[in-house]
Amino acid sequence: MAEINLLFDELFPLCRSITGQGLRDTLTLLSEKLPLEVFGIPTGTQVFDWVIPEEWVIRDAWLKGPNGEIIANFRTNNLHILNYSTPVNEVMPLAKLKEHLYTIPGLPDAIPYVTSYYTRRWGFCLSHKQLEQLEDGDYLAYIDSEMINGELNYAHAFLPGESKREILISTYICHPSMANNELSGPLAAAFLYNRIANWPNRRYTYRFVFVPETIGSIAYLHRFGKQMKERTHAGLVLTCLGGQKKLSYKLSRSGKNPLDRIWQQMIAHGQYEGGTRPFTPEFGSDERQYCSPGFNLPVGQMARTVYGDYPGYHNSLDTKESMTIEAIQQSIDELESLLQMNEAEGCYINQFPYGEVKLDKHDLYPDMNAPATRFLSSNEIVDSRTQLNRILMLLNYSDGKHTLLDIAERSKCNIDGLMPYVQKLVEKGLLEGPFHEKGRELG
Amino acid sequence: MAEINLLFDELFPLCRSITGQGLRDTLTLLSEKLPLEVFGIPTGTQVFDWVIPEEWVIRDAWLKGPNGEIIANFRTNNLHILNYSTPVNEVMPLAKLKEHLYTIPGLPDAIPYVTSYYTRRWGFCLSHKQLEQLEDGDYLAYIDSEMINGELNYAHAFLPGESKREILISTYICHPSMANNELSGPLAAAFLYNRIANWPNRRYTYRFVFVPETIGSIAYLHRFGKQMKERTHAGLVLTCLGGQKKLSYKLSRSGKNPLDRIWQQMIAHGQYEGGTRPFTPEFGSDERQYCSPGFNLPVGQMARTVYGDYPGYHNSLDTKESMTIEAIQQSIDELESLLQMNEAEGCYINQFPYGEVKLDKHDLYPDMNAPATRFLSSNEIVDSRTQLNRILMLLNYSDGKHTLLDIAERSKCNIDGLMPYVQKLVEKGLLEGPFHEKGRELG
Amino acid sequence: MAEINLLFDELFPLCRSITGQGLRDTLTLLSEKLPLEVFGIPTGTQVFDWVIPEEWVIRDAWLKGPNGEIIANFRTNNLHILNYSTPVNEVMPLAKLKEHLYTIPGLPDAIPYVTSYYTRRWGFCLSHKQLEQLEDGDYLAYIDSEMINGELNYAHAFLPGESKREILISTYICHPSMANNELSGPLAAAFLYNRIANWPNRRYTYRFVFVPETIGSIAYLHRFGKQMKERTHAGLVLTCLGGQKKLSYKLSRSGKNPLDRIWQQMIAHGQYEGGTRPFTPEFGSDERQYCSPGFNLPVGQMARTVYGDYPGYHNSLDTKESMTIEAIQQSIDELESLLQMNEAEGCYINQFPYGEVKLDKHDLYPDMNAPATRFLSSNEIVDSRTQLNRILMLLNYSDGKHTLLDIAERSKCNIDGLMPYVQKLVEKGLLEGPFHEKGRELG
């Protein structure tokens, strides 16, 4: 957790945007944790219905009051500057300046996060309290910025598995100094990468993607979308993984991909008290692009505290303290567990499907039938038959037509409630698997 | 509405039956409103399990009491005569006469509507109050009727559309002087025809059918059933469209035709407080024939006040006043709206399905992201994002696998809540459609 | 019922096991009621994952106390001897003897039923009360038993039907002197055989199987499983058919075989207040073998009072008095009725599917339409239209796509609520059927 905290503190001050040096610096810092391959797409490149915009260079900016006092300073908080502001260096009366000032009247202490990527504007963002204290007089608005022919950057890293089928983990890196709705996603992704890298084996290949939101995922899909359509087994967009609440999962567009099904079964059986949100293209993050109808990738979105759940959404109240590093840590734990269940999910095949297996031969059944053996799973295990019942379920339904999730459903438990018994049966040669496809023949 | 009222008054006095001059006169009057093609099927023609009966000629009828007073007179109210009565001219005591008298004891003021098409009988129908006042003595029963080799008549009219796929509107014209359970149907059909004729364009062809109930639709199916089986996209039998209640729809046999689905979604979202009745062959109108298993046409039935909902069912209390012309007018409005939704229903195809469309280019997105733009659909439209959300839904799900109805379902609105945005997106070249079939490829 | 009682009394004292003379004597007695073909599978034969064990010969056994008194005697109650005990003839102190004594502390009056088929042991079973009264001293344990190369026996009998498709009735015959959890099954099976033998005709072939539980059904499947997989239409394992409770049905593995569907519809409509248990391989009887994944036969299990429902489970409290012969008799009645519904279930085909049938021609409709005829099914039948409604349902849905069960579901009745009308319509030539397969063409 100390490591997460350290990286957070390095990343927080950077002035990220959908292009520019802040974005590149962010990727450089993340590269210390995972081997990112970084790409640059030149300004002017057509990506589907969009065009890569000019790169935004921001060097300095301030707003000086009638008495020479600094009202807002880019170096103090980069939220003070409307993201993608054009340059300005002009003295003007308050009335005219106000056309370029942005506040949140309902949150008088918060500096809003405002962007104008595709229409040229300049502007300053202030707390509403500060705005109300401004006196009449002449103000100097100074923004030393530039629009140049440059590039938009994104990056990815892979963890290869037995299969080319991929699990996508995607997150965005374009918001400036905000905690939950910016850094929680890339931090969770980077450290989750290291967890999965340490697994003894991986059935799936894992693709980690870091992009500026919307235009970045569209550009990424323009280059890799065809490949992803062929390979993606399931995926998650990570966003807003800080906060007090439990994880909340937004289903993929089909609502039926493997993670959708695992999550919903987990919730239905009360084994996790998180939330489930239906898919919608109306709002959200990059799942809107991955789930656009031409791609329709099996990708959902995972968050802990989403828009509407906390006052800091898109403003300066979104800080490390309001979010907590502990919450990110817990998100990583829970995401790892979910992905492990996904690794185990699939069809298993009973190798002795005709009649029941003679379980006592395999030390999986008591060798006597008496009142005292009625709650035993074997001669040794006194567990009210939990192991025995789950093994009987696994053997009966491992027929190539039911996946582990289907069997967990019938056993009224979660996939991880079956995983130890699956392992035992595979070791004893009674089950084979997991296989991806349904419909395999019985032995 | 004056026009509906006028036609009602002309049609009401006619003595309709399943054959005969009253039926033909009805079709002649309706022909003034829509270009009906009238058919005559000769007596004795076999139509499936049925045979066209002899035509009923009714010229005059009365019942004269012991003191020479007229008890019941065909010219005063044609319900007094059992429909399809054989001729009689006979004096008889009250006791014997009573075998030929029909009343409704539970509704002492109502003259019942009684028929005996296929078994030869004669009879008079009276209010129960009148029956109880009859004194002993000799009565003269006089019915000047005749059964002749003639024909059974039905008629149809078409409004051609871009496609040969047809929408069927069918109603019956065989009940004598009753309002809700006779004239509401043909009046609604005739004026609905004129509404649809005025649409700027029609995707479907509309078939309007006017038949005597049961035997008429069976005869019509005998001639046109094969064609209808090939062409019918959806259809409605119109009956009982007067009364205070909301429209109530009886589903087609499959329960899944386009109108079934549109109606049920409308009701499910509380956008119309009407009723939905399951399909049943046990009772109803001509949908029983259209939905017989050999044809199984996608045809439902629409009514406002059905059997059991009002005391006037099949008796003289079923008058213009108890039904109202206003209710028929409203039925026409609502039927037109339903058929317009059906015209819009289908698959649309997003022409830019890879990633999101860059909506600000098309004036469909605010050009800045700030606290103040959060409830805007575009730079101009302040609507809590209603337009923006529906457009995002339309673009994401217009993938050849979801119809407009599916998207309305996800948008928690009715089809007509999407229609203006569909039009906007089609005009801007972002959507193409509607297409009938699912499974079209994305661009 | 006297006949059932008589056979019960002959069968009860026999010392059955999974092999041996008691098993063979049981089959001999049952052979008086139905023509059983008896098979013997030699010791040492491999049947799937199992091996036929040595045959158990038990001649005599007793336990003699310090004062020479007989504590437990095989001839008094064969439950006193651990089933499959090895021979012993040894004097030993109470402390050592206790390692071989079995009781149920929670049911101090009951002698438990204990088995050790596959691990060699000897032992005596006592009531716990008796155990507590034993004094210190030397005891003589005497068991005159032997393990020999012999055979395992099972038997079957057939009732041929029009089709080779089979209904399986299977029950077990390996428990010694117990009533509900032993004799109720074979007694119900034997007398049910005679009921079905008396039916005027049989659509299906009936296979009656009598096996020792588990190893017996596995051995039976080893020989006949392939044939059964091809032929079995539905089946029932019969067990515990005595007791006060209503029948309770354990669904087959698919949960969708014909008996599963008939049973569930019966329960859903409240026409039988019995229970439905989901399929599980965790516990139960021979359906665990029939429903093992390699066979997956459409076989459920029927019981009245199951494990957990009565104190006598696997002990000497399971007597004729606690179970009653009347309950077995009622089980036979109810099983026969269920199988009759299954005989009627299938697709019927309306021979006049275009438009409605003209029902008055067939005496199935009133010949006049008047207030007084509104609740008639025909000129003669005053039944609130029950017959008429069911006939209209049968004719409309007998289209090759709906089975009798589907139509019963729509008619809100049980299959036997339609059976008399089906018969009437078949006799009049309006329906043909039943056919097994869906999808037959209309006439």
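Every value quoted in this text rests on a predicted model; they were computed, and no experiment measured them. (Residues numbered from 1 in each chain as written. Chains lettered and ligands numbered in written order. Predicted model: local features only at pLDDT ≥ 70, side-chain atom pairs only at ≥ 80, totals over all residues. Heavy atoms only, no water.)

## As for the overall build of chain A
Here is step 1 of the chain: A count of helices and strands for chain A gives 13 helices and 19 strands.
Here is step 2 of the chain: Taking the principal axes of the C-alpha coordinates as reference, chain A spans close to 95 × 45 × 35 Å.
Here is step 3 of the chain: Taking all 443 residues of chain A together, the buried fraction comes to 62%.
Here is step 4 of the chain: Pairs at least 24 residues apart make up 78% of the contacts formed inside chain A by residues separated by at least 6 positions. (Helix = DSSP H or I, 4+ residues; strand = E, 2+ residues; numbered from the N terminus. Buried < 20%, exposed > 50% of the residue type's maximum accessible area, 1.4 Å probe, protein only. Contact = heavy atoms within 4.5 Å.)

## Looking at the sheet that holds strand S15 (residues 275-277) of chain B
Residue and element names in this part refer to chain B.
Here is step 1 of the chain: Overall, mixed pairing links the eight strands, which are arranged S1-S10-S12-S11-S13-S16-S14-S15 in an open sheet. Each edge of the open sheet carries a strand with a single partner, namely strand S1 (37-42) and S15. Pairwise comparison of adjacent strand axes, ignoring direction, gives a mean angle of 20° for this sheet.
Here is step 2 of the chain: The pairing of strand S14 (residues 248-250) with strand S16 (residues 299-303) spans three bridges and is classified as antiparallel. (Pairing = 2+ DSSP bridges. Axes fitted to C-alpha atoms, helices over the stretch in contact; angles between N-to-C directions.)

## Topic: the packing of aromatic side chains
Here is step 1 of the chain: Taken as a whole and assessed by the stated rule, the structure comprises 57 aromatic pairs over all chains.
Here is step 2 of the chain: Geometrically, the ring pair formed by A:Tyr220 and A:Phe224 is tilted, given 4.7 Å between the ring centres and 35° between the ring planes. A residue pair is termed a helical-turn pair when its members lie 3 or 4 positions apart in one helix, as A:Tyr220 and A:Phe224 do in helix H6 (residues 215-231) at four residues. For the pair shown, A:Tyr220 and A:Phe224 are each scored as buried.
Here is step 3 of the chain: Consider the rings of A:Tyr397 and C:Phe279, whose centres lie 6.5 Å apart with planes at 80°: the pair is edge-to-face. Here A:Tyr397, found in helix H11 (residues 386-397), pairs with C:Phe279, found in the loop between strand S15 (275-277) and helix H8 (287-290), and the two come from separate chains. The residues A:Tyr397 and C:Phe279 share a single accessibility class, namely buried. (Phe/Tyr/Trp six-rings, centres within 6.5 Å; stacked < 30°, edge-to-face > 60°.)

## Examining the relation of the copies chain C and chain B
Here is step 1 of the chain: Overlaying chain C with chain B gives an RMSD of 0.1 Å, the required rotation being 120° about an axis along which the chain moves by 0.0 Å. The relationship between the two copies is best expressed as a three-fold rotation axis. The position closest to the rotation axis in chain C is occupied by the C-alpha of C:Lys256, lying 14 Å away. (Least-squares fit on C-alpha atoms with pLDDT ≥ 70 in both.)

## Remarks on the interface of chain C and chain B
Here is step 1 of the chain: Residue-level contacts link 27 residues of chain C with 31 residues of chain B.
Here is step 2 of the chain: For the chain C and chain B pair, buried surface summed over both sides reaches about 2,600 Å², with 51% attributable to carbon and sulfur atoms.
Here is step 3 of the chain: Where chain C packs against chain B, one counts four salt bridges.
Here is step 4 of the chain: Measuring nitrogen to oxygen at the nearest pair gives 2.7 Å for the salt bridge that ties C:Asp399 to B:Arg253.
Here is step 5 of the chain: Within the residue set of the side of chain C that touches chain B, elements represented by two or more residues are helix H11 (386-397) and strand S18 (399-403) of chain C.
Here is step 6 of the chain: The biggest single contributor to the side of chain C that touches chain B is H11(C), with six residues.
Here is step 7 of the chain: Split into classes, the residues belonging to the side of chain C that touches chain B amount to twelve nonpolar, seven polar and eight charged. (Buried area = accessible area lost by both parts, 1.4 Å probe. Salt bridge = Lys/Arg side-chain N within 4 Å of Asp/Glu carboxyl O. Nonpolar A, V, L, I, M, F, W, Y, C, P; charged D, E, K, R; others polar.)

## Some words on helix H1 (residues 2-11) of chain A
Residue and element names in this part refer to chain A.
Here is step 1 of the chain: Of all the residues in H1, the buried ones are Ile4, Leu7, Phe8 and Leu11. The arc that holds the buried residues of H1, viewed along the axis, is 110°, so those residues lie on one side. Exposed residues lying more than 90 degrees from the buried face of H1 are Ala2 and Leu6.
Here is step 2 of the chain: Contacts made by the buried residues of H1 are with helix H2 (21-30), helix H5 (179-197), helix H9 (320-323) and helix H10 (325-344). (Arc of directions from axis to C-beta.)

## Details of the environment of C:Leu27
All names here are of chain C.
Here is step 1 of the chain: With respect to the helices and strands, Leu27 occurs in helix H2 (residues 21-30).
Here is step 2 of the chain: According to the relative accessible area criterion, Leu27 is buried, its value standing at 1%.
Here is step 3 of the chain: Sequence spacing of Leu27 and Asp363 is 336 residues, and the spatial spacing of their C-alpha atoms is 54 Å.
Here is step 4 of the chain: In this structure, Leu27 is in contact with Leu36, Val38, Asn153, Tyr154, Ala155, Ile173 and Phe210, ignoring residues within four places of it in sequence.

## Quick notes on unusual backbone geometry
Glycine aside, residues mostly have negative phi angles, and peptide bonds mostly take the trans form.
Here is step 1 of the chain: Following B:Gly433, the chain continues to B:Pro434 via a peptide bond in cis, the omega torsion being 5°.
Here is step 2 of the chain: Along the chain, B:Pro434 falls in strand S19 (residues 431-435).
Here is step 3 of the chain: The backbone phi angle of B:Tyr84 is positive, close to 80°, even though this residue is not glycine.
Here is step 4 of the chain: Assignment of secondary structure puts B:Tyr84 in the loop between strand S5 (70-73) and strand S6 (88-93).
Here is step 5 of the chain: The buried category is assigned to B:Tyr84, whose relative accessible area is 0%.
Here is step 6 of the chain: With a phi close to 55°, C:Ser384 is a non-glycine residue in the positive phi region.
Here is step 7 of the chain: On the basis of relative accessible area, C:Ser384 is assigned to the exposed category, the value being 53%.

## Observations regarding the interface of chain B and chain A
Here is step 1 of the chain: If you look at the interface, chain B gives 27 residues, while chain A gives 31 residues.
Here is step 2 of the chain: Between chain B and chain A lies a buried interface of about 2,600 Å² when both sides are counted; carbon and sulfur atoms form 51% of it.
Here is step 3 of the chain: Per-residue buried area on chain B facing chain A is highest for B:Tyr354, B:Glu356 and B:Lys358; these three make up 25% of the total on that side.
Here is step 4 of the chain: Taken together, the connections running from chain B to chain A amount to four salt bridges.
Here is step 5 of the chain: Elements supplying a minimum of two residues to the side of chain B that touches chain A: helix H11 (386-397) and strand S18 (399-403) of chain B.
Here is step 6 of the chain: Of the residues forming the side of chain B that touches chain A, the biggest block, six residues, is contributed by H11(B).
Here is step 7 of the chain: A class-by-class count of the residues in the side of chain B that touches chain A yields twelve nonpolar, seven polar and eight charged.

## Some points on the sheet that holds strand S1 (residues 37-42) of chain C
Residue and element names in this part refer to chain C.
Here is step 1 of the chain: With mixed pairing, the eight strands of this open sheet are ordered in space as S1-S10-S12-S11-S13-S16-S14-S15. Two strands close off the open sheet at either side, each with one partner strand: S1 and S15. For this sheet, the mean inter-axis angle between neighbouring strands, taken without regard to orientation, is 20°.
Here is step 2 of the chain: Pairing analysis gives six bridges linking S1 to strand S10 (residues 151-159), with the strands arranged antiparallel. Bridge pairing links Phe39 to Tyr154 in S10.
Here is step 3 of the chain: In the packing of helix H6 (residues 215-231) onto the sheet, the strands contacted are S1, S10, strand S11 (166-172), strand S12 (205-211) and strand S13 (232-238), and the crossing angle to S10 comes to about 35°.

## Concerning the domain arrangement of chain A
Residue and element names in this part refer to chain A.
Here is step 1 of the chain: Examined at the domain level, chain A breaks down into domain 1 (2-53 + 151-344), domain 2 (55-148) and domain 3 (347-435).
Here is step 2 of the chain: Spacing between the C-alpha centres of domain 1 and domain 3 amounts to 37 Å.
Here is step 3 of the chain: Between domain 1 and domain 3, the contact holds eleven residues from the first and 15 residues from the second.
Here is step 4 of the chain: Summing both sides of the interface, domain 1 and domain 3 together bury roughly 1,100 Å²; the carbon and sulfur share of this comes to 54%. (Domains from an automatic or database assignment.)

## Brief notes about the confidence of the model for chain A
Where the model shows low pLDDT, its predicted coordinates should not be examined in detail.
Here is step 1 of the chain: A residue-level look at chain A finds 98% of positions with pLDDT of 70 or above and a mean pLDDT of 95.
Here is step 2 of the chain: Quick note on the complex model: pTM equals 0.92, ipTM equals 0.94. (pLDDT = per-residue confidence, 0-100.)

## Looking at the environment of A:Val299
Residue and element names in this part refer to chain A.
Here is step 1 of the chain: For Val299, the location among the structural elements is in strand S16 (residues 299-303).
Here is step 2 of the chain: Taking the C-alpha atoms as reference, Val299 lies 9.8 Å from Pro258; in sequence the two are 41 residues apart.
Here is step 3 of the chain: Apart from residues no more than four positions distant in its own chain, Val299 is found in contact with Leu168, Thr232, Gly235, Leu236, Val237, Ser252, Asn257, Glu287, Tyr290 and Cys291.

## A closer look at the UniProt feature "domain: DUF4910" (unreviewed entry) in chain A
Here is step 1 of the chain: Mapped onto the present numbering, the UniProt feature "domain: DUF4910" (unreviewed entry) falls at residues 7-343 of chain A.
Here is step 2 of the chain: Counting secondary structure, residues 7-343 of chain A comes out at 29% helix and 26% strand; the distance between its end C-alpha atoms is 29 Å. (UniProt positions renumbered as here; feature names shortened; annotations may be inferred.)

## Let's talk about the packing of helix H10 (residues 325-344) of chain C against helix H13 (residues 415-427) of chain C
Residues and elements named next belong to chain C.
Here is step 1 of the chain: Between H10 and H13, the shortest axis-to-axis distance is 10 Å and the interhelical angle comes to 50°. Comparing the axis directions of H10 and H13 gives the class oblique. Once H10 is placed against H13, the crossing between them reads as left-handed. Judged by residue contacts, Gln340, Met341 and Ala344 of H10 engage Ile415, Asp416 and Met419 from H13.
Here is step 2 of the chain: Looking at side-chain class alone, the contact of H10 with H13 contains four nonpolar, one polar and one charged residues. (Parallel < 35°, antiparallel > 145°, perpendicular 65-115°, else oblique. Left-handed = near helix turned anticlockwise from the far one by under 90°.)

## Describing the side chain of C:Asn389
Here is step 1 of the chain: Summarising the element assignment, C:Asn389 is placed in helix H11.
Here is step 2 of the chain: Look past the residues within four positions of C:Asn389 in its chain and what remains in contact with it is B:Glu282 and C:Ser384.

## As for the pattern of salt bridges
A side chain with one charge may pair with a side chain of the opposite charge, provided their charged atoms come close.
Here is step 1 of the chain: In total, this model carries 73 salt bridges over all chains according to the counting rule given.
Here is step 2 of the chain: Residues C:Arg16 and C:Glu182 are paired through a salt bridge, measuring 3.8 Å at the closest nitrogen-oxygen approach. Remark: C:Glu182 occurs in helix H5 (residues 179-197) and C:Arg16 occurs in the loop between helix H1 (2-11) and H2; sequence separation between them is 166 residues. Residue C:Arg16 shares its accessibility class with C:Glu182, and that shared class is buried.
Here is step 3 of the chain: The closest approach of N and O atoms between C:Glu55 and C:Arg24, which form a salt bridge, is 2.6 Å. In this pair, C:Glu55 is assigned in strand S4 (residues 55-64) and C:Arg24 in helix H2, connecting sequence segments 31 residues apart.
Here is step 4 of the chain: For C:Glu55, a relative accessible area of 6% gives the class buried.
Here is step 5 of the chain: Salt bridges sharing partners connect three or more residues here, namely A:Arg24, A:Glu55 and A:Glu151.

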